[in-house]
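# Summary of the model geometry
Residues per chain are reported as follows:
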Amino acid sequence: MRVALDSQPAEPGRENEDFAAAAPGAAVLLDGAGVAGAETGCSHGVAWFSSTLGGLLLSALTTRAARPLHECLADSIRAVRSLHENDCDLVHRASPTSTVVVARARAGVLEYLVLGDSSLLLGDVSGGATVVTDRRLDEVGKRLRGAVDTLPTGSPEHAAALAEYRDALTGLRNRPGGFWIAGPDPRAADHAVTGTVPLASLASVTLLTDGATRLVDRFQLAGWEESLVVLSSIGPAELIRRVREAEAGDPEGRRWPRGKAHDDATVLHCVLP
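Let me sum up the structure you'll find in this document. (Residues numbered from 1 in each chain as written. Predicted model: local features only at pLDDT ≥ 70, side-chain atom pairs only at ≥ 80, totals over all residues. Heavy atoms only, no water.)

### A closer look at the layout of surface pockets
Considering only enclosed or pocket space, the second largest pocket measures out at about 340 Å³ in volume. As for the second largest pocket, its lining consists of 16 residues, of which L90, V91, R173, N174 and P184 are closest to the centre. (1 Å grid on protein atoms, 1.4 Å probe; cavity = no way out; pocket = protein on both sides within 12 Å on 5 of 7 lines; lining within 4 Å. Points joined across faces, edges and corners; volume = space filled by probe spheres on them.)

This is how it looks when you write it as structure tokens:
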């Protein structure tokens, strides 16, 4: 398996809350969720949470190859909780959370897990593309966004509307009828989107945070198959460059309403032998 990875913070000098890593036969990607500068109840921070969970999860995937993916994730969430539950307030409404994407090759199939709004892009041997995304957060968000999409991104009014939106969203986190994401409770892993695909049918497997999928799912400037061509011929950095170019041309979100003008963007592209 040949792996190419690029990860860029939303803005130069800002902490990147994404995490991605690969080992022989396995890959993980996480997008930490939090509000820059906001109180989370955790002294370690969002980036610590996503990177610690990601590292433990990759270890679980490779050392316990027969264990189902959702159980590996639950074990890892439990382990992270044990590392800071005595020092941090894990019932705080803004306690760090993270999306999770997992891919593992085993016994002739690709096992996958997706939790939250990051994506798994499967390139088949005929050149086609299939994307797997957990849409529950998007579906809940559409009901709550209201003024967020009508105000200029970065304005004081937009910031106030965004804060109200995030507060309402938090009330539906890890609840039936809401959405599910990795946080302090390992039971969230039971609600992940999972599946398998024959390895022989695949040419590539790509894990992307929503900051990188904007080019397709928000800006609609490219399709998934075109994105695969970019990834295969040039690499993840070029896909993210195109995202940044589009963002720079619409800094106030007039053309493409969004919560943040820029977002952390990470792409982990795996070419299968």
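### Let's talk about the sheet that holds strand β4 (residues 97-106)
Strand pairing in a sheet is mediated by backbone hydrogen bonds. Such pairs are either parallel or antiparallel. Spatial strand order, β2-β3-β4-β5-β8: five strands in an open sheet with antiparallel pairing. Single-partner strands in this sheet number two, and they are β2 (18-23) and β8 (193-198). Across the sheet, the mean angle separating the axes of adjacent strands is 10° when strand polarity is ignored. The sheet contact formed by β4 and strand β5 (residues 109-115) spans seven bridges and is antiparallel. Bridging across to β5, V102 finds its partner in L113. Contacts from helix α1 (residues 46-63) reach β2, β3 (26-33) and β4 within the one sheet, and its direction differs from that of β3 by about 160°. (Pairing = 2+ DSSP bridges. Helix = DSSP H or I, 4+ residues; strand = E, 2+ residues; numbered from the N terminus. Axes fitted to C-alpha atoms, helices over the stretch in contact; angles between N-to-C directions. Contact = heavy atoms within 4.5 Å.)

### Thoughts on the pattern of salt bridges
All chains considered together, the criterion is met by 18 salt bridges. Notably, a salt bridge pairs R254 with E252, separated by 3.3 Å at the nearest N-O pair. Shared partners join several salt bridges into a network, and the residues in it are R64, R67, E71, D75 and R78. (Salt bridge = Lys/Arg side-chain N within 4 Å of Asp/Glu carboxyl O.)

### Looking at the sheet that holds strand β1 (residues 2-8)
As summarised here, the arrangement of the five strands in space is β1-β10-β9-β6-β7, forming an open sheet in which the pairing is antiparallel. Edge positions in the sheet fall to β1 and β7 (129-133), since each of these pairs with one other strand and no more. Across this sheet, the average inter-strand angle for adjacent strands is 15°, counted without regard to direction. The pairing of strand β9 (residues 202-208) with strand β10 (residues 265-271) spans five bridges and is antiparallel. Along β10, the bridge assignment pairs T206 with H269. Against the sheet, helix α5 (residues 210-217) engages β6 (119-124), β9 and β10, with an angle of about 80° to β10.

### Digging into a nonpolar patch on the surface
Taken together, M1, V3 and L5 make up a surface patch of nonpolar side chains, about 260 Å² in accessible area. Note that V3 resides in strand β1. A residue is classified by how much of its surface remains accessible, and V3, at 39% relative accessible area, is partly exposed. (Patch = residues over 30% accessible without salt bridge, like charges linked within 9 Å, V, L, I, M, F, W, Y side chains within 5 Å. Areas by Shrake-Rupley, 256 points an atom, 1.4 Å probe, with all protein chains shown as cover. Buried < 20%, exposed > 50% of the residue type's maximum accessible area, 1.4 Å probe, protein only.)

### A word on helix α6 (residues 224-233)
For α6, the complete set of buried residues consists of W224, S227, L228, V230 and L231. The buried residues of α6 occupy an angular sector of 160° when the element is viewed end-on, so they sit on one face. In this structure, α6 carries V229, S232 and S233 as exposed residues pointing more than 90 degrees from its buried face. Where α6 is buried, its residues contact β6, β7, β9, α5, α7 (236-248) and β10. Following α6 by one or two positions, G235 has its phi on the positive side, about 130°. (Arc of directions from axis to C-beta.)

### Focus: the packing of α6 against α7
The angle between the axes and the distance between the axes are what describe a pair of packed helices. Relative to each other, α6 and α7 sit at 130°, their axes nearing to 7 Å. By the angle between their axes, α6 is oblique relative to α7. Taken together, the residues of α7 that come into contact with α6 (itself represented by E226, S227, V230 and L231) are P236, E238, L239 and R242. Considering only residue class, the contact of α6 with α7 consists of four nonpolar, one polar and three charged. (Parallel < 35°, antiparallel > 145°, perpendicular 65-115°, else oblique. Nonpolar A, V, L, I, M, F, W, Y, C, P; charged D, E, K, R; others polar.)

### Some thoughts on the packing of aromatic side chains
Applying the stated criterion across every chain, the model contains one aromatic pair. With a centroid separation of 4.4 Å and 35° between ring planes, the pair formed by F219 and W256 is classed as tilted. Of this pair, F219 sits in the loop between α5 and α6 while W256 sits in the loop between α7 and β10; the two residues are 37 residues apart in sequence, bridging distant segments of the chain. Exposure class is identical for F219 and W256. Each is buried. (Phe/Tyr/Trp six-rings, centres within 6.5 Å; stacked < 30°, edge-to-face > 60°.)

### Focus on the side chain of D134
If you trace the backbone, D134 turns up in the loop between β7 and α3 (136-144). A polar side-chain atom of D134 sits 3.0 Å from the main-chain amide nitrogen of G116. A polar contact of 2.9 Å, which involves the side chain of D134, links it to the side chain of R136. Excluding residues that lie within four positions of it along the chain, D134 makes contacts with V114, L115, G116, D117, S118, W180 and V193. (Polar contact = N/O pair within 3.5 Å; in protein donor to acceptor, adjacent residues only side chain to side chain.)

### A word on helix α4 (residues 156-170)
Taking 1.5 Å as the rise per residue, α4 with 15 residues should run 21 Å; its terminal C-alpha atoms sit 21 Å apart, in good agreement. Listed in full, the buried residues belonging to α4 are H158, A161, L162, Y165 and L169. Down the axis of α4, the sector holding all buried residues measures 105°, keeping them to one side. In this structure, α4 carries P156 and E164 as exposed residues pointing more than 90 degrees from its buried face. Elements in contact with the buried residues of α4: α3. (Expected span 1.5 Å × (residues − 1).)

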